[in-house]
Every structure is written in C-alpha cells, then in structure tokens.
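# Architecture at a glance
If you want the building blocks of each chain, they are given just below.
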Amino acid sequence: MGATLVWVHGGAWAERHASERSREVLSAHGLHVVTATHRLSGEATWPAQLDDVREAARTARAERPGAPVLVGGRSSGGHLALQLGLRGIDAPDDVAGVIAISPPVDPLAADWPEARAAGGPWTRLLGHVPTPLDDVTADATPANHVGNGVPVLLVHGTGDTVVPPAQALDLSNALLASGHPVTTYLTAGDHDVDLTRDDVRTVIASFLTVLAETALPV
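Reference entry: report on the structure contained in this document. (Residues numbered from 1 in each chain as written. Predicted model: local features only at pLDDT ≥ 70, side-chain atom pairs only at ≥ 80, totals over all residues. Heavy atoms only, no water.)

We now examine the pairing of strand 5 (residues 152–157). Along a regular strand, successive side chains alternate from one face of the sheet to the other. Within strand 5, 6 of the 6 residues are buried, which leaves it mostly tucked inside the rest of the structure. Both faces of strand 5 are covered, namely the face carrying Val152, Leu154 and His156 and the face carrying Leu153, Val155 and Gly157. Pairing geometry for strand 4 (residues 97–101) and strand 5, over 4 bridges, is parallel. By the bridge assignment for strand 5, alanine 100 is matched with leucine 154. As paired strands, strand 5 and strand 6 (residues 182–187) are joined by 6 bridges and run parallel to one another. In the strand pairing of strand 6, leucine 154 is matched with threonine 184. (Buried < 20%, exposed > 50% of the residue type's maximum accessible area, 1.4 Å probe, protein only. Helix = DSSP H or I, 4+ residues; strand = E, 2+ residues; numbered from the N terminus. Pairing = 2+ DSSP bridges.)

Here is the structure:
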C-alpha cells in the first residue's frame, strides 16, 4: 500500500491558499494525498493549528490503516508539517517523513526582523510579538522539537523575499545535529517554488526512494 501524504495548505496561518495543484503534482509520485486544514490565526492562536492538523492526520490514517503517513506543506503549511512530523501524531515516531516547501521556522532569527513586526503573521499566530524566553514562541519553533529522527526534505527558493532561505539552512543544521536524515534543496525561485519543475520533481522522487529503501515502505 502506498503512503498517505497529509498536505497542509499555506496562507501565513491566516488564509487558506488553494492546494489542488500541489496535490496533483505529489499524487503523481504515487502518494495518496489528502489536504489538512486548520483554524486560522484570526480564529485561534497557537497551538490550535497543530491540534487541527493532528486531528486531520488521525482521520487520514484511519481511512487507510497500515499505510505509512507522510506530512508536507508549503510556507506556513510547511511549518505545520514540520511540527507534526517532529512531534508525531500520537507518538513521536508515527510519521514516516516530512516534505516542507519554503517553511518559516524561526521568528527570532537575527536576519528576519520582519518576523517580529507587530501585526505580522507570526504575531497573529502566537497572539503576541515573538520574543526570547517566551514559552509560546519556543513551542511554535520547530527546531525546539528535533530529535525523533524523522527524515525531512526541505526545499527553498534562493530568491524568496517572504521567508529567508536561511530559515531552511538553519533548521537543516539543527536537524542534522540531532540525527535526522535531511535533504535540503536550495534552488532558483521565489517563495512559490514550482513543484512541477524537473529538478524539484527529481529531488522529491529521490527523497521518497530513500524513504522506501531505508525507512518505512512508501
């Protein structure tokens, strides 16, 4: 049985961006793709979004018992996919892999002061401006949850002006230091990396092949 991919939509945690095209492209890799949605930041603050995608993953898993579960997403959806993969659905090791495209992962990064702007996406998500030593900020930062060993694919455009590409590099270093198998692909492009490009499709296919050979059958 092929793997289920729970795909989380983007939209800066505040909107629901269409994900049909991403579903179509990823389905072509042999994955059974289901879309997960969540309460928006205007409706509830963190960690409501993680609670919602966890519940969506439980439903997807129940519909295909025995199939490995992958999680993925673009932009804010990538952030939530990382949270779900690193922390697990119901157990730390019940996600087979993570695919995160252009994910925002560290609102405290020195090279990203925009993340700490009043009224910005991170502020709306957390309910306040991200600050050091704040428990909510720490909980919403994926690097604080590394260590379960889930394989991760990070794809980020070097021309991204919405989320700095260094976000992917910094998280990649944290994942590697904690023993995660990581594939990080920085490529030409902006925030909306085209998943139909041959090079991107090849990277995703290679990641899935390695999963099939070294981890759970996907």
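Take helix 6 (residues 166–177) next. Between its first and last C-alpha, helix 6 extends 16 Å over 12 residues, near the 16 Å set by a 1.5 Å rise per residue. Buried within helix 6 are the following residues: Gln167, Ala168, Leu171, Ser172 and Leu175. The buried residues of helix 6 all sit within an arc of 130° when viewed along its axis, so they share a single face. Summarising the geometry of helix 6, the exposed residues directed more than 90 degrees from the buried face are Asn173 and Ala177. Each element contacted by the buried residues of helix 6 is listed here: helix 3 (76–87), strand 5 and strand 6. (Expected span 1.5 Å × (residues − 1). Arc of directions from axis to C-beta. Contact = heavy atoms within 4.5 Å.)

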